[in-house]
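Take a look at the letters that make up each chain.
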Amino acid sequence: MDTKELLKKVRKIEIKTRRLSDHIFGGEYHSTFKGRGMTFSEVRQYQFGDDVRSIDWNVTARYNEPFVKVFEEERELTMMLMVDVSGSELFGTTNRFKKEIITEISATLAFSALQNNDKIGLLLFSDEIELFIPPKKGKSHVLRIIRELLEFSPKSNKTDIQEALKYLTNVMKKKAIVFVLSDFMATNYDQTLKITGKKHDVTGIRVYDAKEEQIPNLGVVQMLDSETGMLKLVNTQSKNVRNAYGEYYRNSVDYFKDTFKKSGCGTLDCRVDESYVKKLLGYFKQRG
């Protein structure tokens, strides 16, 4: 897309998602994700009712009257958006691709973090690390992230969640709030997620289309595997074929939910034709 069209799309997403983050998610985000702890702010004179354990004995001795240490929450956080850009995200049957919903959710989360003066970073992955934008603050930084989400063209169409999690663990030394946005039609990332989950606050957001859950009976049809690019004739009249696909899909979903739960991480399901606003708000309130 040309620059003018891209800026128009960025602006459209900014208006929609910033309104959501300002009026709905800002407060919920703040109460859900706490800072790293309490940090020293100042000392002041002792007042009746103050905890004696807070007395600063050095200052007290210097001025010959009691002073206490004052602490405040260390609020600054870092958010990392891990976004699957593999071929399967370019699927949609309701006039909306999964990629579009992922972009809107990512933008909403980014503006919620911006409102709380937190840093935001982006990691785009397929079966390799496609792009890493280190966490920074500021509106211009968030708009850059949205531009990349809209126009980035991945080198690969395949998916490897395990490699993406490994990269994140290596590159992010301090604790971060991590949102992994994908359809999670992949497995073999359970061990890596356990390690990532111990270090970071991780939430998996599964974005899916209802038509992916089962194959309809359409006779013999030609299908394209969006991740391998292979065309294949599939006999959808066969009950065995439909059952095998249904089992594969359910196993992928179960693996996603079980793996995240065992790793102490949160999960959220967002169907492309449903309101992700209600889902996100419900998740924030549940965690808060």
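Up top is the structure these notes are about.
Below is a summary of the structure that appears in this document. In this text the structure is predicted, and so the values were computed from the model without any measurement. Residue numbering note: each chain is counted from 1, following its sequence as written. Side-chain atom pairs in this predicted model are given and counted only at pLDDT of 80 or more, local residue features only at pLDDT of at least 70, and totals for whole chains, interfaces and linings cover all residues. Excluding hydrogens and water, the side-chain values take into account all heavy atoms of the structure.

### Observations concerning the overall build of the chain
- Each helix and strand in the chain was counted, giving 8 helices and 10 strands.
- Taken over 288 residues, the chain has a buried fraction of 46%.
- Residue contacts are counted whenever heavy atoms from the two residues lie within 4.5 Å of one another. Counted over contacts in the chain with a minimum sequence separation of 6, partners at least 24 positions apart contribute 74%.
- Accessible surface computed for the chain: about 15,700 Å², of which carbon and sulfur atoms make up 49%. By definition, any uninterrupted DSSP run of H or I lasting at least four residues is a helix, any uninterrupted run of E lasting at least two residues is a strand, and each is numbered from the N terminus. Only protein chains enter the calculation, and the probe is 1.4 Å; a residue is then buried if its accessible area is under 20% of its type maximum, exposed if over 50%, and partly exposed in between. Note on areas: Shrake-Rupley with a 1.4 Å probe; residue coverage comes only from the protein chains shown.

### So, the packing of aromatic side chains
- For Phe, Tyr and Trp, where Trp contributes only its six-membered ring, two rings pair if their centres lie within 6.5 Å, and the inter-plane angle classes them as stacked under 30 degrees, edge-to-face over 60, or tilted in between. Tallied over the entire structure, the rule returns 11 aromatic pairs.
- Centroid distance tyrosine 189 to tyrosine 255: 5.0 Å. Interplanar angle 85°. Geometry classified as edge-to-face. Taken as a pair, tyrosine 189 in the loop between β6 (177-182) and α6 (190-199) and tyrosine 255 in helix α7 (residues 239-262) lie far apart in primary sequence, 66 residues in all. Judged on exposure class, the residue tyrosine 189 and its partner tyrosine 255 are both buried.
- Aromatic ring contacts, followed pair by pair, group Phe184, Tyr189, Tyr255, Phe256 and Phe260 into a single cluster.
- Look at NZ for Lys and CZ for Arg. If either is within 6 Å of the ring centre and within 35 degrees of the ring normal, a charge sits over the ring. The ring of tyrosine 208 is capped by arginine 206, whose NZ or CZ atom sits 4.1 Å from the centre of that ring.

### Digging into helix α3 (residues 98-115)
- Over its 18 residues, α3 runs 26 Å from end to end, which matches the ideal 26 Å to within 8%, given 1.5 Å per residue.
- The buried count for α3 comes to 15 of 18 residues, which makes it a mostly enclosed element.
- Positive phi appears at asparagine 117, one or two residues downstream of α3, with a value of about 60°. By this rule the span expected of a helix is its residue count minus one, scaled by 1.5 Å.

### Considering the pairing of strand β7 (residues 201-208)
- Most of β7 sits inside the fold, with 8 of its 8 residues counted as buried.
- Residues of β7 alternate between two faces, with Asp201, Thr203, Ile205 and Val207 on one and Val202, Gly204, Arg206 and Tyr208 on the opposite face, all of them buried.
- DSSP bridges decide pairing: two strands pair if at least two such bridges lie between them. Note: β6 against β7, 6 bridges, orientation parallel. By the bridge assignment for β7, isoleucine 177 is matched with aspartate 201.
- Clockwise travel from the first strand over the helix to the second, with the strands pointing away from the viewer, marks a crossover as right-handed. Note on the crossover from β6 through α6 to β7: the handedness is right-handed.

### Brief notes about the packing of α3 against helix α4 (residues 139-151)
- Axis definition: a line fitted to C-alpha atoms, over the contacting stretch in the case of helices. Angles run 0 to 180 degrees between N-to-C directions. Between α3 and α4, the least distance of the axes is 10 Å, while the angle of their chain directions is 170°. Put simply, α3 runs roughly antiparallel to α4. Along its contact with α3, which presents Lys99, Thr103, Ser106, Ala107, Ala110, Phe111 and Leu114, the element α4 presents Lys139, Val142, Leu143, Ile146, Leu149 and Leu150. For this classification, under 35 degrees means roughly parallel, over 145 means roughly antiparallel, 65 to 115 means roughly perpendicular, and everything else is oblique.

Geometric descriptors of this kind do not, in isolation, establish any biological role.
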